[in-house]
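Structural description and commentary
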Amino acid sequence: MSQPEPLPPTEASSGFDRRSFCACALAVAAASAVSACGGGGGGGYSSSAPPPPPPPPPSPVSTTETKAGLLGQPDGTVRDYTISTNGACPLQAGAAQGYYLVRDGTGIYAISASCLHQGGHIDPTSGGFGCPCHGSQYNLNGTVTVGPATVGATLQHYEVSESTPGGTLVIDPSKPVSATTRLS
Ligand code: FES
């Protein structure tokens, strides 16, 4: 009985059989379909969604002070238009803690009450402000004199104007101003 002749190289012996080829082709087709539908890179429905609208600008804060009345107060007078913290130490950066309205030797200004360290609620002290959270100290103009907030940095000042000529003062948090700006 003669030995059968060896078969020519098969798909199995070449390392890439027909089943593998078909599976591969299907995978490529599926990937193309997903890509065509926008599912291949974080797209899909989310890529066509409109971006969220920007947050509304902060609203002006009405006060009970008039320019003439506050200018008639001594240098160093501070009026409190901050949020109530009930003795706690909430950390809120930016203007979220509210504002102090201050009268110094050259006029009236408003500053943020959010500590420049981690947003603690600063409180008036003799001659300035202090943060009870970690101990930062500020002078009356809102410049850090003792850390951990960066010494020399200054709290944001905001525009103060009269609601009507001679009327009550309004703090506008949407209008940051320089630390030397005064209403006088
Ligand atoms: S948040 Fe004011 S000192 Fe840390």
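Residues numbered from 1 in each chain as written. Predicted model: local features only at pLDDT ≥ 70, side-chain atom pairs only at ≥ 80, totals over all residues. Heavy atoms only, no water.

Notes on the side chain of Asp-104
For clarity, the threshold we go by: By the criteria applied, helices consist of DSSP H or I runs no shorter than four residues and strands consist of E runs no shorter than two, each listed in order from the N terminus. Only protein chains enter the area calculation, which uses a 1.4 Å probe; residues under 20% of their type maximum are buried, those over 50% are exposed, and those in between are partly exposed. N or O atoms closer than or at 3.5 Å make up a polar contact, with two conditions inside protein: a donor-capable atom paired with an acceptor-capable one, and, for residues adjacent in sequence, both atoms drawn from side chains. Note on definitions: a residue-residue contact is assigned when non-hydrogen atoms from the two residues lie within 4.5 Å.
By secondary structure assignment, the location of Asp-104 is in strand S3 (residues 98–104). By relative accessible area, which is 12% here, Asp-104 ends up buried. One polar contact links Asp-104 to Arg-182, side chain to side chain, over a distance of 2.9 Å. Once you skip the residues sitting within four places of it in the chain, Asp-104 turns out to touch Asp-75, Gly-76, Tyr-109, Leu-140 and Arg-182.

Quick word on the confidence of the model for the protein chain
The line we're drawing: What pLDDT expresses is the predictor's confidence in each residue, scored from 0 to 100.
Per-residue pLDDT for the protein chain averages 80, and the proportion of residues at 70 or more is 73%. Below a pLDDT of 50 lies the segment residues 6–44, which in the model reaches 9 contacts outside its immediate sequence neighbourhood of four places, other chains included.

A word on the nonpolar core
Heads up, the condition is: Nine residue types can take part in a nonpolar core, namely buried Ala, Val, Leu, Ile, Met, Phe, Trp, Tyr and Cys, and a core is a set of them joined through side-chain atoms within 4.5 Å.
In this structure, Tyr-100, Val-102, Ile-111, Ile-122, Phe-129 and Tyr-138 are the most contacted members of the largest nonpolar core, which totals 15 residues. Only S3 and strand S4 (107–112) provide two or more residues apiece to this core. Dropping the residues within four chain positions of it, Val-102 is found in contact with Thr-77, Val-78, Gly-107, Ile-108, Tyr-109, Phe-129 and Leu-140. One finds Leu-70, Tyr-81, Leu-101 and Leu-183 within the second-largest nonpolar core, a separate group that totals 11 residues.

Topic: the sheet that holds strand S5 (residues 123–125)
Operational definition: Here, strands pair whenever DSSP counts at least two bridges between them. Lines are fitted to the C-alpha atoms to define the axes, a helix being fitted only along its stretch in contact, and any angle between axes, read from their N-to-C directions, falls within 0 to 180 degrees.
With antiparallel pairing, 4 strands are arranged side by side in an open sheet as S5-S6-S7-S8. Looking at strand neighbours, the two that pair on one side only are S5 and strand S8 (144–146), the edges of this open sheet. Adjacent strand axes in the sheet meet at a mean angle of 35°, parallel and antiparallel pairs treated alike. In the sheet, S5 pairs with strand S6 (residues 128–130) via 3 bridges, with the strands oriented antiparallel.

Notes on the environment of Leu-91
Summarising the element assignment, Leu-91 is placed in the loop between strand S2 (77–82) and S3. When its relative accessible area of 44% is taken as the criterion, Leu-91 is described as partly exposed. Each C-alpha atom, one on Leu-91 and one on Gly-120, is 4.5 Å from the other, the two residues being 29 residues apart in sequence. For Leu-91, the contacting residues outside a window of four places in its chain are Gln-97, Gln-118, Gly-119, Gly-120 and Cys-133.

Points about the pattern of salt bridges
Just so we agree on the cut-off: A side-chain nitrogen of Lys or Arg and a carboxyl oxygen of Asp or Glu constitute a salt bridge if their distance falls within 4 Å.
Tallied over the entire structure, the rule returns 4 salt bridges. Taking the shortest distance from any N to any O, the salt bridge between Glu-65 and Arg-79 comes out at 3.0 Å. Of this pair, Glu-65 sits in strand S1 (residues 61–66) while Arg-79 sits in strand S2, and the two are 14 residues apart along the sequence. Assessed through its relative accessible area of 12%, Glu-65 is described here as buried. Among the ionic pairs, Glu-159 bridges to Lys-175, the shortest N-O distance being 3.9 Å.

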